[in-house]
Amino acid sequence: MTGTSALRFSGLGKRYGRRTWALRDCSLDLPQGNVIGLVGANGAGKTTLLQLAIGLLKPTEGTVSMFGRPLRMDSPAGLAEVGFVAQDHPLYRGFSVADMLRYGNSMNPRFDRPGAERRLRELGIPTEHRADRLSGGQQAQVALTLALAKQPRLLVLDEPVASLDPLARREFMKTLVEAVAEADLTVLLSSHVVTELERVCDHVVLLHQGRVRLTGDIDDLIAGHRMLTGPRTDDTAGVAGLIAATHGTRHSHLLVRQPVGMPAHPRWEANPVGLEDLVLAYLARPDTEPPQAASPPPPEPAGPGRRLSIVTDPSAAERQA
Amino acid sequence: MFAFRLDSRSGVPTYLQLVEQVRRGLLLGYLVDGEQLPTVREVAAALVVNPNTVAKAYREMERAGLAAPRAGQGTFVIGRADQVPHAVHLKLAAQLRAWVRAAQAAGLAPEQVRALVTTVLDDGQAPTRADAA
Amino acid sequence: MLWVTWRQHRAELLACVLLLACVAVPLLITGTAMHAEYTADGVAACVANPAGTGCGQLVTQFLDRHSEWGNRFIWVALLPALAGVFVGAPLLAREFEQGTWRLAFTQSVTRTRWLVTRLIAVGAGLAALALACSALFTWWRAPLDAIDGRMRTTAFVIAAPSLVAVTLFAFAVGVLGGALLRRTIAAMGATLAVYLAVRLPMEEAVRPYLLTPLVRITDPGVTADPGWRPEHDWVVADGWIDATGHRLSDREETAIVREVYGGHEAVYGAGTPIERYLADHGLRHYAEYHPGSSFLTMQLVESAVFLGLAAALLAAALWIVRRRTA
């Protein structure tokens, strides 16, 4: 993590027609060099956000900046910085895989054609075959290979594995993580399945009904939340950083956001919470405002754009785990 | 070479799972001093996890003194000075198995065995918990 | 970028060339025969010297044999529609329909360059094909045009400047249709409809007045027909005019015809009773016409109109593509 931002959204909003806001009040700072997962239900505004990020859409309000500069998608230099794999990985009908590579080569000055050919060979995808007759997984791999061969600094993928079977998903993600390991690449990918992202992403943005519900480093988020279990408590107003509460007849489960290492009251048993449970809890919150960090202020001041994530000491998290 | 694995249901962050596996590997003698760990790319590809997470795990291993990078070569495990040799470890494991069989023959339930072991350990090591951090 | 354009449109180019070849072979065979006949039968000599003996009959026989086929070239006026429907309309519509626009717009080539390169390359190809078609048809019709001039509709629509300009216009209609409708079939249908809606009125109502026609006033032909001579003028309106300069309306003309012929069938032309009536009443013939010498000017004016429309439509398509978002 180099600390500079790959993408910064300020007050971003997109309205379709006169009333329908697909996205509203979106301010985010996505760190460079990370793999960022954009999670949300279908219709939460994920595609809108991704297309705003790469200039395929123009925002109704707010601004987007990429690597510290305003987004310039009408210049070849701006376009060259971004790789995009659209939903359903469109390829030209009738083009062979080799044609698609040549297409990429003639449309991009920095296109790494030998690298792309090697990658496809390793994946066992024959280049002389028609691209639109390949299996879904192979088409996705071709689309990813094209986007990677462009040698972008930011790779954006819209629901890349939604249409793939589990094995093809794994193969696709493997290609992706290998690329991240090889190059200085920031990845932003969307999905409506949390478990898909948990392993591959280190940063998450949770989108619900066009608004950002939660964002932060995944490890920090997991370390910063815990499930407290104890005797039934109906008055939860005093519980610091309460996110969700479920009650049994004689006991209660409280999901809380608390600074790492903050001692729990002896009557509560504290347990770690998985990302999926965390996401579901935030999605179920009735309020439309993005939740603020727990009331006891964390010792470190929250940096700009990271107000929702708690900067943690890994060793403290380790002790807790 | 050491093979990592992941339990995605454990709720433990991925990087901590990786660190913990190296720690256990050293404790149980699967890993020895100077042994090379797989590269970040290899681990990321094999487990299909974010390379940043693997790198974070390796940084954490370095911080905890479990491994150290050698320029241009990769990351290597650092064995503790007081690490028990593998042969000794095997011998002790065999003796423990024999004792556990004897305990079972005497009618102790697994729970009772565990409680007994814990009690003995607590009695003997209470003042010196050096390597439990 | 040029390779991409070639790869995306090579099938269309091949189809066009094949189509042209299929038309060219029979045209070359029949055309060669007709050209030979034109010289061998002495029609060429008659065109050079209309006063020759029996020229009227020779030319009439020649025209009887060939002008039916020659006039069928009027269908060439629809040829540009093919360019619009099968090349122009899918150019953008297919990208939007198949989702590949998201691929195309995220490469390191700006949308402007992407579209302009394709429009220029494909447009140039279509222009070359139109030029080839025009050369072929014009060559075939050369003997007929030597007799009748090139101002008649059939000869006019196959001439190079007009055919090229109209082809590019049809292409532009297709491209814009694709950008607006984003569905190939819908864009094809709309292209054909718009093409016909512009082309037909252009032929019928606009072209006769692209240039101001000349007016010719002639005395009634009381004596017999002076014989055949080549006629290259294009008469766009004619009728009778009186001494005060008043042009008779249709109603007035009908009244005169009824008065001259009563209930009998009317006959026209030099030496007929109607001509004598006109002479007796101080009426004369008038004709609004474009002389054969206006051919080139008129071609250029019409081409400029269509090229201007094409440029405006392509600019609109470019504007849409630049603004195009999900």
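It should be emphasised that the depicted structure is a prediction, and the values quoted were computed from it without experimental measurement. (Residues numbered from 1 in each chain as written. Chains lettered and ligands numbered in written order. Predicted model: local features only at pLDDT ≥ 70, side-chain atom pairs only at ≥ 80, totals over all residues. Heavy atoms only, no water.)

(A) Up close: the interface of chain B and chain A. Across the boundary between the two partners, chain B contributes 21 residues, which contact 24 residues of chain A. Summed over both partners, the interface of chain B with chain A buries about 2,000 Å², with 52% contributed by carbon and sulfur atoms. When the buried surface of chain B facing chain A is broken down by residue, Arg41, Val48 and Asn50 of chain B rank first, second and third, together holding 28% of it. One can count three salt bridges joining chain B with chain A. Viewed at the interface, chain A and chain B are joined by nine residue pairs in polar contact (both at pLDDT 80 or more). (Contact = heavy atoms within 4.5 Å. Buried area = accessible area lost by both parts, 1.4 Å probe. Salt bridge = Lys/Arg side-chain N within 4 Å of Asp/Glu carboxyl O. Polar contact = N/O pair within 3.5 Å; in protein donor to acceptor, adjacent residues only side chain to side chain.)

(B) Structural detail: helix α1 (residues 2-40) of chain C. Residue and element names in this part refer to chain C. The end-to-end C-alpha distance of α1 is 50 Å, clearly below the 57 Å that 39 residues give at a rise of 1.5 Å each. Histidine 9 marks where α1 bends most, by close to 55°. Positive backbone phi, approximately 85°, marks glycine 42, located one or two places after α1. (Helix = DSSP H or I, 4+ residues; strand = E, 2+ residues; numbered from the N terminus. Expected span 1.5 Å × (residues − 1). Bend = angle between axes of the 7 residues up to and from the residue.)

(C) The arrangement of a nonpolar patch on the surface in detail. All names here are of chain B. Together, Leu96, Trp99, Leu116, Val117, Val120 and Leu121 make up an exposed nonpolar region whose accessible area comes to about 530 Å². Within the residue set of the nonpolar patch, elements represented by two or more residues are α4 (86-105) and α5 (110-125). With four residues, α5 is the largest single contributor of residues to the nonpolar patch. Inspection of the secondary structure puts tryptophan 99 in helix α4. (Patch = residues over 30% accessible without salt bridge, like charges linked within 9 Å, V, L, I, M, F, W, Y side chains within 5 Å. Areas by Shrake-Rupley, 256 points an atom, 1.4 Å probe, with all protein chains shown as cover.)

(D) Structural view of the nonpolar core. Formed by 138 residues in total, the largest nonpolar core has its most connected members in Phe9 and Tyr103 of chain A, Phe4, Leu37 and Met61 of chain B together with Trp114 of chain C. Element by element, the count of residues in this core is highest for helix α5 (residues 136-149) of chain A, at eight residues. Dropping the residues within four chain positions of it, tyrosine 103 of chain A is found in contact with Tyr92 and Phe95 of chain A together with Trp3, Val4, Leu103, Ala104 and Gln107 of chain C. Among the nonpolar cores identified, the runner-up in size contains 29 residues, and Phe73, Phe137, Trp140 and Leu168 of chain C belong to it. (Core = buried A, V, L, I, M, F, W, Y, C linked by side-chain atoms within 4.5 Å. Buried < 20%, exposed > 50% of the residue type's maximum accessible area, 1.4 Å probe, protein only.)

(E) Fine view of the interface of chain A and chain C. On the chain C side, the residues contacting the 32 residues of chain A number 25 residues. Between chain A and chain C, the buried area comes to about 2,600 Å², and carbon and sulfur atoms account for 60% of it. On the chain A side of the interface with chain C, the three residues burying the most area are Leu56, Tyr92 and Met107 of chain A, jointly 26% of the side's total. Here chain A and chain C share one salt bridge between them. When residues of the side of chain A that touches chain C are traced back to their parent elements, those giving at least two are α2 (76-80), β6 (82-85) and α3 (97-107) of chain A. Counted by class, the side of chain A that touches chain C contains 17 nonpolar, nine polar and six charged residues. (Nonpolar A, V, L, I, M, F, W, Y, C, P; charged D, E, K, R; others polar.)

(F) Highlighting the domain arrangement of chain A. All names here are of chain A. Under the domain assignment used here, chain A contains domain 1 (5-209) and domain 2 (219-320). Domain 1 puts eight residues into the contact, and the matching count from domain 2 is eight residues. Each partner contributes to the roughly 860 Å² buried at the junction of domain 1 and domain 2, and carbon and sulfur atoms together form 73% of this total. By the criterion of area lost to domain 2, the three top residues of domain 1 are Val194, Glu198 and Leu206, representing 46% of everything that side buries. Applying the counting rule to domain 1 against domain 2 returns zero salt bridges. Taken together, domain 1 and domain 2 are joined by zero residue pairs in polar contact (both at pLDDT 80 or more). Secondary-structure elements contributing two or more residues to the side of domain 1 that touches domain 2 are α7 (194-198) and β9 (203-208). Here the side of domain 1 that touches domain 2 gets four residues from one element, more than from any other, and that element is β9. (Domains from an automatic or database assignment.)

(G) Layout of the sheet that holds strand β8 (residues 186-191) of chain A. All names here are of chain A. Taking strand neighbours across the sheet as the criterion, the six strands line up as β6-β7-β8-β3-β9-β10 in an open arrangement whose pairing is mixed. Strands at the two margins of the open sheet, each flanked by one partner only, are β6 and β10 (211-217). Taking each pair of neighbouring strands and ignoring which way they run, the sheet shows an average axis angle of 15°. As defined by bridge partners, strand β3 (residues 35-39) adjoins β9 across four bridges and the pair is classed as parallel. In the strand pairing of β9, glycine 37 is matched with valine 204. (Pairing = 2+ DSSP bridges. Axes fitted to C-alpha atoms, helices over the stretch in contact; angles between N-to-C directions.)

(H) Structural view of the confidence of the model for chain C. Looking at chain C as a whole, the pLDDT averages 89, with 98% of positions reaching at least 70. When pLDDT is averaged over each element of chain C, helix α8 (residues 160-181) of chain C comes out on top at 96 and helix α2 (residues 43-48) of chain C at the bottom at 84. (pLDDT = per-residue confidence, 0-100.)

(I) Region of the structure containing the environment of alanine 149 of chain A. All names here are of chain A. Take alanine 149: it is sitting in helix α5. Judged by its relative accessible area of 4%, alanine 149 is buried. Separated by 38 residues in the primary sequence, alanine 149 and phenylalanine 111 have C-alpha atoms spaced 5.3 Å apart. Leave out the neighbours within four places in its chain, and alanine 149 touches Arg110, Phe111, Asp112 and Ala116.

(J) Quick look at the domain arrangement of chain C. Residues and elements named next belong to chain C. Under the domain assignment used here, chain C contains domain 1 (2-211 + 292-323) and domain 2 (214-290). Each of domain 1 and domain 2 has a C-alpha centre, and the two are 38 Å apart. Carbon and sulfur atoms supply 64% of the area buried between domain 1 and domain 2, which totals about 1,300 Å² over both sides. Summed over the shared surface of domain 1 and domain 2, the number is zero salt bridges. Where domain 1 meets domain 2, there are two residue pairs in polar contact (both at pLDDT 80 or more). When residues of the side of domain 1 that touches domain 2 are traced back to their parent elements, those giving at least two are α2, α3 (55-71) and α6 (111-148). Sort the elements by how many residues they give to the side of domain 1 that touches domain 2 and α6 lands first, with four residues. In terms of residue class, the side of domain 1 that touches domain 2 is built from twelve nonpolar, three polar and four charged.

(K) Highlighting the side chain of glutamine 299 of chain C. Within the secondary structure, glutamine 299 of chain C is located in helix α12 (residues 295-323). Apart from residues no more than four positions distant in its own chain, glutamine 299 of chain C is found in contact with Phe156, Ala159, Pro161 and Ser162 of chain C.

(L) Expanded view of the pattern of salt bridges. All names here are of chain C. Within this structure, the stated rule accounts for 27 salt bridges over all chains. In this structure, glutamate 203 and arginine 199 form a salt bridge, with 2.7 Å as the shortest nitrogen-oxygen distance. Taken together, the positions of glutamate 203 and arginine 199, both in helix α9 (residues 184-206) and four residues apart, correspond to about one turn of that helix. By relative accessible area, which is 14% here, glutamate 203 ends up buried. On the basis of relative accessibility, which here comes to 2%, the residue arginine 199 falls in the buried class. In this structure, glutamate 288 engages arginine 247 in a salt bridge whose closest nitrogen and oxygen atoms are separated by 2.9 Å. Placement of glutamate 288 in strand β3 (residues 284-290) and of arginine 247 in the loop between β2 (234-241) and α10 (250-261) is noted, with a sequence separation of 41 residues between them. A relative accessible area of 15% places glutamate 288 in the buried class.

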